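Descriptive analysis of the structure
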Amino acid sequence: MAQFMPLSQAVAENLRNGDVAAFEGFTHLIPTAAAHEAIRQGFRDLTLVRMTPDVVYDQMIGMGMAKKVIFSYAGNPGVGLLRRMRDAIENGWPNRIEVEEHSHAAMANAYEAGAAGLPCAIFRGYRGAGLAEVNPNIRSIVCPFTGEKLAAVPSVRPDVSFVHAQKADRKGNVLVEGIIGIQKEAVLAARRAVVTVEEVVDDFKGLHPNLTILPSWTITAISVVPGGAHPSYTHGYYARDNASYIEWDEIAADRDRFRAWMQANVLDASPEDFAARVASLRAA
Amino acid sequence: MAQFMPLSQAVAENLRNGDVAAFEGFTHLIPTAAAHEAIRQGFRDLTLVRMTPDVVYDQMIGMGMAKKVIFSYAGNPGVGLLRRMRDAIENGWPNRIEVEEHSHAAMANAYEAGAAGLPCAIFRGYRGAGLAEVNPNIRSIVCPFTGEKLAAVPSVRPDVSFVHAQKADRKGNVLVEGIIGIQKEAVLAARRAVVTVEEVVDDFKGLHPNLTILPSWTITAISVVPGGAHPSYTHGYYARDNASYIEWDEIAADRDRFRAWMQANVLDASPEDFAARVASLRAA
Amino acid sequence: MMAGTENQQGFTPNEIMTIAASRALRGSDVCFVGIGAPSAACNVARLTHAPDITLIYESGTIGTAPDVLPLSIGDGELCETAVTTVSVPEMFRYWLQGGRITIGFLGAAQLDRFGNINTTVIGDYDHPKTRLPGGGGAPEIATSAQEIYITMAQSKRGMVEKIDFFTSFGHGTGGDDRAKLGIDTKGPTLLITDLAIWKPDPVTKEFTVVSLHPGVTREKVQETCGWTVKFADRLEETPAPAALELKTLRDLKARTDAAHSGKAAPAANRGSKDG
Amino acid sequence: MMAGTENQQGFTPNEIMTIAASRALRGSDVCFVGIGAPSAACNVARLTHAPDITLIYESGTIGTAPDVLPLSIGDGELCETAVTTVSVPEMFRYWLQGGRITIGFLGAAQLDRFGNINTTVIGDYDHPKTRLPGGGGAPEIATSAQEIYITMAQSKRGMVEKIDFFTSFGHGTGGDDRAKLGIDTKGPTLLITDLAIWKPDPVTKEFTVVSLHPGVTREKVQETCGWTVKFADRLEETPAPAALELKTLRDLKARTDAAHSGKAAPAANRGSKDG
């Protein structure tokens, strides 16, 4: 049954050094506030899983928290490359990181299989693709009916997943809507799940029956953090801060500028600061 | 792109003798009107696929249309057995039928794999189960990462699927809501898909973005048949006719009574008759 | 049939069976519910001592709280009152196979002493004497739910030495048969009949009577069972239904009968009729 | 960069590339759209000759009709205007792998003459000179979409004799390499650059220039390409952008620039804010 608690407590109780951790969100609903709290608490040796390790993983990698990254697209969406992640891979700064690279189809299937309690996922993929040669976790099975060779990848089963969502009700059920991405699978595949939400409402009465709702008993902790997805967005609450994504390209280009920005905007900040960051992005 | 047409035409153009056909609906939204139209048109040698071959398959089997049934639960929900299907299996009346029997988990996964374009589905199932010994389409694969043996079944890819849904918009997009069952997978897994709907609305503007909508280009034909799921129900339109399910148990108990009922209520009837059958079941 | 006959103590065998099953459930349980006695038991638990219990029906309805018992596992009432309603593939993949069900309820046409269940055929599979509905969700409920509770009315036809078909696996031939097949869930841990409460022996896994319902004798249990019954050394008596339990169950059944006999109006619409 | 410079004829190389790509699309197409030129081309097609075209972005948005071009594949505008928005696993399983995409658009950091694409690394995979974003959806788009259209600005760095990494498979070493791998989709059937339109030779599958954009010479195409370019016997000239095409593209870009430079207000809510 989900417990409501401050984000600092939720992160402290559910993330550990050495964990396999997923901070998921497919462009929409990225759990930035949770990632920043993890940065403030200084966790180390994390295996960071994410289909699209964008700005928040660039920040966590740049702060030296990652031992390994499992991913399928490492870009700043619509802007360019991830300069801190590049620096770690190309130059070992601030530390070398291990890379396990997949395609989106593989990662999506791997999360799905994790949520489904399976050890692996099968799909028609990686045909002629170079990743199959460099990633030993890309294997295959043979269909016992047609003889077709299908790709197989291990399921993703994080120790802990962090996601951001629109809202919770008082019982701790959580609603995710809009571009729902891989949020549900990330929560159900994980041993522990921490959800940040924009707000808490009394109940979900009157909601359409087929919406994506995570029952309270699938979630470990819920923290209310208005604006907690910034510079990503929360459908129905505030828009994507595209200017921040563009700006990040410059900040991350230089190690010192990156460190200074992290000090001012993350280490010396708190979850409460997110509300102000999205104030001008809210619908009139 | 879906074409709107009368049900008689939709069935005539999309069902053929010898087809693998699915009339799907998990208790809710059963495409009874489409099944009755198929009975009137007298198709033969069908392989009928369905998780829960309830009253409509009892009727089609009793009318001698089935060569084979692929299923996972052959009961009259909440009432008892399917007496016409039993008569065919136990006594070969009106003809012997071949049976390919699975569990719900297997059928659900098989439809899912069909929609996903895969030749087979894998899942953790059939452990210690007798079906694995009598159904040669229950096989296994070994997880290439953990060595675990997992069950494998061939995907379901019907020649044609029939489903019932709440409504279409003028472009032919279709909304399914409530207990959505396996409807989406049945449509996406099939070569051709025929959908009966309660009504057509101008557009779907204002609908929540995450509802189950089948785009027009995934559907072959749409026919407007108010009440077309009776004695099953359509969430938001009319309730389940539980009395009819209970009554069916008596009708199907006797071959002559069954034939007489089919003559009066199916062979001598038309899709237009369904509206009156649900009139008293509609919300006040 | 005896199940409908009220005994001297003011409750029927079916009622004590249902109420005994409801008592075995806790508020933290996530139950995969079948139609009939399991559905009644789960809802009595929800309406009495376990208001926070989570009820899941295989039609995709999660966290339902029906006011009347469903006739089918896909009645509209289940969807109307659910926390959320998912597709059937998702139900079997994420929720059952994902290991999220604590208690799976199963019934049986034939049951053996090790909790193996047949609901497929009486007689030979290829030439059955009686073709039963088949397994539905049961083969995977039996192995994916953390524990299995079985409810059934006792009879020599139903409780047999050897079942005709292994629809769903209980404890096999007993002992550690489940572990040998790589199954890491507990399997049948409780059998509640109209006469008694049974639990598997910790070692042999044979179902053993641990509690007789009020007024039931050892002889009556044996007469209605096709195998030689083992009784626990310390045999208890099942507490009679409390007034609240009985009233809750009977009110539920009365509401259910009223709703299913007439042509009930559909529940309030939560869909997109006006969209 | 030349892409932004308007030439004497009143349009930029990037504009003719985008418009030429838009012309290749039909109303019956179901396009898996990437960000950048593909997104612009698909939306110009939708706003001009192919209003019924279906645009799908891998974030799960199906049948979108954005008023401004998205900066990311998951912009809110895509969801707001979509027929439906599904989960990412469903997108890759039912819609891409399910064979429902007619045209997949891909870009390339490095491209070879057989349509093989690298967006993963420059240099060695384990010790890269430049770590690029990686494949994302591309490895499966390349093999599951019925046809692949590639758009890119020409350069000797980008169009190379040998790519450093096979992110997504085109025609391999040419000929029937796809069939040999059991791939039954067509692969790259069109390459549209800022200078020319290329199609694979029917037998060798080597990309061959079939049409030069207005004012472009064979020499210019060769100068900006890292392999020896083959030209079709009958070399055509790409028709210059029509006024409507150019206006549609420029209006779209202007709306996009306005929306992304400022802090745009969120689009109208279709969620459950008040639920």
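Residues numbered from 1 in each chain as written. Chains lettered and ligands numbered in written order. Predicted model: local features only at pLDDT ≥ 70, side-chain atom pairs only at ≥ 80, totals over all residues. Heavy atoms only, no water.

Some remarks on the overall build of chain A
Our working rule: Secondary structure elements are taken from DSSP: a helix is a run of H or I of four residues or more, a strand is a run of E of two residues or more, and numbering for both begins at the N terminus. Using C-alpha atoms as the atom set, the radius of gyration is obtained and then compared with a globule rule of 2.2 Å times the number of residues to the power 0.38. Under the scheme applied here, a residue whose accessible area is under 20% of the maximum for its type counts as buried, over 50% as exposed, and between as partly exposed, the area being computed with a 1.4 Å probe on protein chains only. The contact definition used throughout considers only heavy atoms, calling two residues in contact when any of these lie within 4.5 Å. Surface accessibility follows the Shrake-Rupley procedure with a 1.4 Å probe radius. Residue values consider only the protein chains on display as shielding. For the charge count, each Lys or Arg is scored as positive and each Asp or Glu as negative, with His and the chain ends excluded. Where a charge lies is defined by one atom per residue type, namely NZ (Lys), CZ (Arg), CG (Asp) and CD (Glu).
Of regular secondary structure, chain A possesses ten helices and 15 strands. Against the compact-globule benchmark of 19 Å for 284 residues, chain A has a radius of gyration of 19 Å, which places it among compact chains. Its C-alpha atoms give chain A principal-axis dimensions of about 55 × 50 × 35 Å. A buried classification covers 69% of the 284 residues belonging to chain A. Summarising the internal contacts of chain A: among those between residues at least 6 apart in sequence, 75% fall at separations of at least 24. Entry remark: accessible area of chain A is about 8400 Å², with carbon and sulfur atoms responsible for 47%. Here chain A carries 28 positive and 32 negative side-chain charges, and the mean point of each set is 4 Å from the other.

Some words on the environment of Ile219(A)
Residue and element names in this part refer to chain A. Tracing the chain through its elements places Ile219 in the loop between β14 (212–214) and β15 (221–224). For Ile219 and Met65, which are 154 residues apart along the polypeptide, the C-alpha to C-alpha distance reads 25 Å. Setting aside anything within four residues of it in sequence, one finds Ile219 in contact with Met1, Ala2, Gly172, Val174, Val187, Ala193, Val195 and Leu214.

Notes on the pairing of strand β13 (residues 207–212) of chain D
Residue and element names in this part refer to chain D. Rules: A pair of strands is labelled paired if DSSP reports no fewer than 2 bridges between them. Throughout, right-handed denotes a crossover for which the path from the first strand over the helix to the second runs clockwise when the strands point away from the viewer.
Summarising burial for β13: five of the six residues are buried, a large majority. Bridging between strand β12 (residues 196–200) and β13 involves five bridges; their strand directions are antiparallel. Counted as the bridge partner of Pro200 is Phe207 from β13. Between β12 and β13, which pair antiparallel in sequence order, lie six residues; one of them, Lys205, sits at a positive phi of approximately 70°. By the bridge criterion, four bridges tie β13 to strand β14 (residues 230–237) in an arrangement that is parallel. Looking at β14, one finds that Ser211 is bridged to Glu236. Once you follow β13 into helix α7 (residues 218–223) and on to β14, the crossover reads as right-handed.

Considerations on the packing of helix α1 (residues 13–23) of chain D against helix α8 (residues 243–261) of chain D
Residue and element names in this part refer to chain D. The condition that has to hold: Orientation is described by axes fitted as lines to C-alpha atoms, over the contacting stretch for helices, and by angles from 0 to 180 degrees between their N-to-C directions. The cut-offs work like this: below 35 degrees is roughly parallel, past 145 is roughly antiparallel, 65 to 115 is roughly perpendicular, and the gaps in between are oblique. Handedness of each helix crossing follows the sense of rotation of the near helix against the far helix: counterclockwise by less than a right angle gives left-handed, clockwise gives right-handed.
Between α1 and α8, the least distance of the axes is 10 Å, while the angle of their chain directions is 110°. In terms of their interaxial angle, α1 and α8 are classed as roughly perpendicular. Taken as a pair, α1 and α8 cross one another with a handedness that is right-handed. On α8, the residues that touch Asn14, Glu15, Thr18, Ile19 and Arg23 of α1 are Glu245, Leu246, Leu249, Arg250 and Lys253.

Let's talk about the confidence of the model for chain C
Condition: Here pLDDT means the predictor's own confidence in every residue, given as a number from 0 to 100.
Per-chain confidence: chain C averages 92 in pLDDT, with 92% of residues scoring 70 or above. Predicted confidence for residues 263–269 of chain C stays below pLDDT 50, and this span has 17 contacts to residues more than four positions away or in other chains.

Comments concerning the interface of chain A and chain D
Filter applied, for reference: The term buried area denotes the loss of accessible surface (1.4 Å probe radius) that occurs when two parts are joined, taken as the sum for both partners. Throughout this description, the term salt bridge denotes a Lys or Arg side-chain nitrogen within 4 Å of a carboxyl oxygen of Asp or Glu.
Facing 60 residues of chain A, the contacting portion of chain D comprises 54 residues. When the two sides are added together, the surface that chain A and chain D hide from each other amounts to roughly 4600 Å², 59% of it contributed by carbon and sulfur. When the buried area of chain A at its contact with chain D is split by residue, Arg127(A), Ile179(A) and His235(A) rank highest and sum to 14% of it. The interface formed by chain A and chain D includes one salt bridge.

Let's talk about the sheet that holds strand β10 (residues 149–154) of chain A
All names here are of chain A. Strand order in the open sheet formed by three strands is β8-β10-β9, with antiparallel pairing between adjacent strands. A single partner strand is all that each edge strand has here, and the edge strands are β8 (120–123) and β9 (139–142). In this sheet, neighbouring strand axes are inclined to one another by 40° on average, regardless of whether the strands run parallel or antiparallel. Packed onto the sheet, helix α5 (residues 104–115) meets β8 and β10 and runs at close to 135° relative to β8.

Here we look at the pattern of salt bridges
Tallying each qualifying case throughout the model produces 54 salt bridges over all chains. Asp249(B) serves as the salt-bridge partner of Arg83(B), at 3.0 Å between the closest nitrogen and oxygen. Linking Arg83(B) in helix α4 (residues 83–91) with Asp249(B) in helix α8 (residues 242–251), this pair joins segments that are 166 residues apart in sequence. Given the relative accessible area of 31%, Arg83(B) is considered partly exposed. For Lys180(D), the salt bridge is made with Asp176(D), and the minimal N-O distance between the two is 3.6 Å. Asp176(D) gets classed as partly exposed once you look at its relative accessible area, which sits at 45%. Salt bridges sharing common partners tie together Arg113(C), Glu161(C), Glu206(C) and Lys230(C).

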